[in-house]
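Descriptive analysis of the structure
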Amino acid sequence: NAGVTQTPKFQVLKTGQSMTLQCAQDMNHNSMYWYRQDPGMGLRLIYYSASEGTTDKGEVPNGYNVSRLNKREFSLRLESAAPSQTSVYFCASSRATDEQYFGPGTRLTVT
Amino acid sequence: GENVEQHPSTLSVQEGDSAVIKCTYSDSASNYFPWYKQELGKGPQLIIDIRSNVGEKKDQRIAVTLNKTAKHFSLHITETQPEDSAVYFCAASRRSNTDKLIFGTGTRLQVFP
């Protein structure tokens, strides 16, 4: 099992550009999450999906959209990137509201 | 909503010494408290968790204690080794369908040989 995979690993965007971060899990988990990690601020939840077909906002959803394409895949879209969105993005999945398995992360820089 | 505070932000210990990281939470309804370890360039990984019906849990060199009255929980690492060097995060949640994990801000642990 690959666990949770994320693409790309690194990305540099100019202000105003758009991009989609991809996430997939092969553990048959119902719940999936997107977090951002910034120095001194820990992990903050952007969006989550408790099951296929549902998505809900987390702590910091502004500037992002998500799609739960199927049970395996959960994508995060930045429609118009801003320098404040420079961060490391992690996708995670869980069977229920218990142990979360994290992907390796995407390091995004917006100039 | 839940708020989790974590201290210290950095911790340096000599190999073989013990390390303690402390967290406090605000929501008295929280009942699930996991600890994650994040190595450089990787995603966080669960190392131990505790539920509110127990006060302590051990797994080899690591242990977690929970004081529900004071709303704080701690991670204890004994006989530290250089490979324990990482960032550690605590978290709390109610473990319901509508409540998610709220993470602390992390502790960078350095173990010197």
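Relevant structure appears above.
Per chain, residue numbering runs from 1 following the sequence as it is written. Just so you know, chain letters begin at A and ligand numbers begin at 1, following the order they were written in. Residue-level local features of this predicted model are given only where pLDDT is at least 70; pairs of side-chain atoms are given and counted only at 80 or more, and the full residue set underlies all totals for whole chains, interfaces and linings. The side-chain quantities take in all heavy atoms of the structure and omit both hydrogens and water.

Quick look at the nonpolar core
Residue and element names in this part refer to chain B. Here is the rule: Among the buried residues, those of types Ala, Val, Leu, Ile, Met, Phe, Trp, Tyr and Cys that are joined through side-chain atoms within 4.5 Å form a nonpolar core. Only protein chains enter the area calculation, which uses a 1.4 Å probe; residues under 20% of their type maximum are buried, those over 50% are exposed, and those in between are partly exposed. Helix and strand labels come from DSSP, where a helix needs a run of H or I of at least four residues and a strand needs a run of E of at least two; each type is numbered from the N terminus. Working rule for contacts: check all heavy atoms of both residues, and any pair within 4.5 Å makes them a contact.
Counting 24 residues, the largest nonpolar core has W35, F73 and L109 as the members making the most contacts within it. Sorting the residues of this core by element identifies β2 (10-14), β3 (19-25), β4 (32-38), β5 (45-51), β7 (62-67), β8 (72-77), β9 (86-92) and β11 (107-112) as the ones contributing at least two each. Contact partners of L109, with chain neighbours within four places excluded, come to L11, V13, A19, I77, D84, S85, A86 and Y88.

Some words on the interface of chain B and chain A
Convention followed: Two parts placed together each lose some accessible area under a 1.4 Å probe, and the buried area is that loss summed for both. As used in this structure description, the phrase polar contact means that two N or O atoms lie within 3.5 Å; if the pair is within protein, one of them must be able to donate a hydrogen and the other to accept it, and residues adjacent in sequence are counted only when both atoms belong to side chains.
On the side of chain A, 18 residues touch chain B, which itself brings 21 residues to the contact. Summed over both partners, the interface of chain B with chain A buries about 1,500 Å², with 59% contributed by carbon and sulfur atoms. For chain B, the biggest contributors to the area lost against chain A are P44, K100 and F103 of chain B; these three give 32% of the whole. Between the two partners, chain B and chain A, sit two residue pairs in polar contact (both at pLDDT 80 or more). Elements with a contribution of two residues or more to the side of chain B that touches chain A: β4, β5 and β10 (102-103) of chain B.

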